[in-house]
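Secondary and tertiary structure notes
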Amino acid sequence: MLKIGDIEMKNQVVLAPMAGICNSAFRLTVKEFGAGLVCAEMVSDKGIVSQNDRTLDMLYIDEREKPLSLQIFGGERETLVQAAQYVDKNTNADIIDINMGCPVPKITKCDAGAKWLLDPNKIYEMVSAVVDTVEKPVTVKMRMGWDEDHIFAIENAQAVERAGGKAVALHGRTRVQMYEGIANWDIIRDVKQAVNIPVIGNGDVQTPQDAKRMLDETGVDGVMIGRAALGNPWMIYRTVKYLETGELMGEPNAREKIDVSILHLDRLIALKNEHIAVREMRKHAAWYLKGIRGNAIVRNGINECNTRDELVSLLTNFADEVEAKEQEAHQVG
Ligand SMILES: Cc1cc2nc3c(=O)[nH]c(=O)nc-3n(C[C@H](O)[C@H](O)[C@H](O)COP(=O)(O)O)c2cc1C
């Protein structure tokens, strides 16, 4: 089972942190589909320290999401420590995670995100400084290295462990790879063997069977799912069930997908406001519709929607259409 510090997850399936995606509305929805642990989108340490309103809004956590891991990013010790202290004292997060994987230049040029991967000593210093000042367990999410020539995953994970970090999540790609190529699970296995703290494997888990294969092949304590859960919280539910019972549940039908997308929309509206939520929901709605035959027209229509009513009627009309077509086909058949 997955246990981080004193926090015990009810299963090994973890929702990955995803910026612009993993706010409370999405996390709670995924949690209801059975995730053992949900991770929040990364939050800027400087935004927290300067008490930026939008940043502080990102720290909102619904009690029902717990256990939850809240990720901060930064490149400087002082602000990282201050931000961690703030999260420790002022949020109901269970775990404080430090981002050492973000590959985007805006982040790495501030010595944050994946830039850390080049220097295990810095990792040790920074993680120690955070661990010493907070009560919640501290974890690190990292990529396997900066580029092919600088893969220090083992040294980096060991530095986290020595510094008092309570778990490591490892994405089996380098910074330079961004999201290209195939995630390297061998390095995940090597890291698992090199440390005594829990290791969560990440990268290219697209199906419940992939999750089982990752657990079997690498021996990790948890499996983290990112892109496969976009518009698809069923991926989490199906994975939990598959790992528990070996049973592979079917995919949801159009009506189920649309009903959950509307629940997600309503939660986003409650969290932000209708205008922002509907815009933000456009990408999610397109993901929810993925795989439903005949979705091209409605996908285009989504981008024109500005209100809840417009979006909901577009989606429910589409579900009605799909059901009518299915009934017709059934009768003909
Ligand atoms: C849209 C998007 C946003 C992401 N944001 C974050 C983030 O805020 N923090 C982080 O550590 N990783 C972030 N990631 C990386 C994911 O957590 C994960 O490591 C990566 O997608 C690989 O897992 P997957 O193959 O299951 O998607 C992001 C990925 C995506 C696609």
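In what follows, the structure referred to is the one given above.
What comes next concerns the included structure.

The rules behind each value
- Residues numbered from 1 in each chain as written.
- Predicted model: local features only at pLDDT ≥ 70, side-chain atom pairs only at ≥ 80, totals over all residues.
- Heavy atoms only, no water.
- Helix = DSSP H or I, 4+ residues; strand = E, 2+ residues; numbered from the N terminus.
- Buried < 20%, exposed > 50% of the residue type's maximum accessible area, 1.4 Å probe, protein only.
- Lys, Arg positive; Asp, Glu negative; His and termini not counted.
- Salt bridge = Lys/Arg side-chain N within 4 Å of Asp/Glu carboxyl O.
- Polar contact = N/O pair within 3.5 Å; in protein donor to acceptor, adjacent residues only side chain to side chain.
- Contact = heavy atoms within 4.5 Å.
- Pairing = 2+ DSSP bridges.
- Right-handed = clockwise from strand over helix to strand, strands pointing away.
- Near = heavy atom within 4 Å.
- Areas by Shrake-Rupley, 256 points an atom, 1.4 Å probe, with all protein chains shown as cover.
- Nonpolar A, V, L, I, M, F, W, Y, C, P; charged D, E, K, R; others polar.
- Disulfide = S-S within 2.5 Å.
- Axes fitted to C-alpha atoms, helices over the stretch in contact; angles between N-to-C directions.
- Parallel < 35°, antiparallel > 145°, perpendicular 65-115°, else oblique.

**A look at the side chain of D45**
With respect to the helices, strands and loops of the structure, D45 is situated in helix α2 (residues 45-49). Despite its burial, D45 pairs with no opposite charge; the closest candidate is K46, at 4.7 Å N-O. At 2.9 Å, the side chain of D45 forms a polar contact with the side chain of T79. The residues contacting D45, other than those within four sequence positions of it, are F73, G74, G75, E76, T79, L80 and A83.

**Overview of the pairing of strand β11 (residues 222-225)**
In β11, alternate side chains face the same way, and those of G222 and M224 on one face and V223 and I225 on the other are all buried. Note: strand β3 (residues 13-15) against β11, three bridges, orientation parallel. Looking at the pairing, V13 lines up with V223 of β11. Alignment of strand β10 (residues 199-202) against β11, held across three bridges, turns out to be parallel. Its bridge partner being in β11, N202 is matched across the sheet by M224. What joins β10 to β11 is helix α9 (residues 208-218), and the crossover it makes is right-handed.

**Re the pairing of strand β8 (residues 138-145)**
In terms of burial, β8 is a largely internal element, eight of the eight residues being buried. Taken together, the five bridges between strand β7 (residues 95-100) and β8 define a ladder with parallel strand orientation. Its bridge partner lying in β8, M100 is registered against M142. In this structure, β8 lies alongside strand β9 (residues 167-174), joined through six bridges in parallel fashion. Each residue of the ladder has a partner; that of R143, found in β9, is H171. The handedness of the β8 to β9 crossover, carried by helix α7 (residues 153-162), is right-handed.

**Observations concerning the site of the ligand**
Around the ligand, 16 residues are found, and the nearest of them are A19, Q71, N202, D204 and R227. In the model, an oxygen atom of the ligand is placed 2.9 Å from a nitrogen or oxygen of the K141 side chain. Contact distances for the ligand include 2.9 Å between an oxygen atom and a backbone N or O atom of G226. Across the complex, the protein chains shield 87% of the 610 Å² of accessible surface that the ligand would expose by itself. Of the residues in the shell around the ligand, the class split is seven nonpolar, six polar and three charged.

**Some words on the state of the cysteines**
In total, this model carries zero disulfides according to the counting rule given. Free cysteine: C102, not disulfide-bonded; nearest cysteine sulfur from C110 at 11 Å.

**A few points about the packing of helix α11 (residues 254-271) against helix α14 (residues 308-332)**
Packing of α11 against α14 leaves a shortest axis separation of 9 Å and a crossing angle of 170°. The angle between α11 and α14 places the two elements in the roughly antiparallel class. In this structure, α11 uses A254, R255, I258, S261, I262, L265, D266 and I269 to contact α14, whose residues at the interface are R308, L311, V312, L315, T316, F318, A319, D320, V322 and E323. Among the residues forming the contact of α11 with α14, the class breakdown is eleven nonpolar, two polar and five charged.

Note that every value here comes from positions in space, so none of it alone points to a role or purpose.
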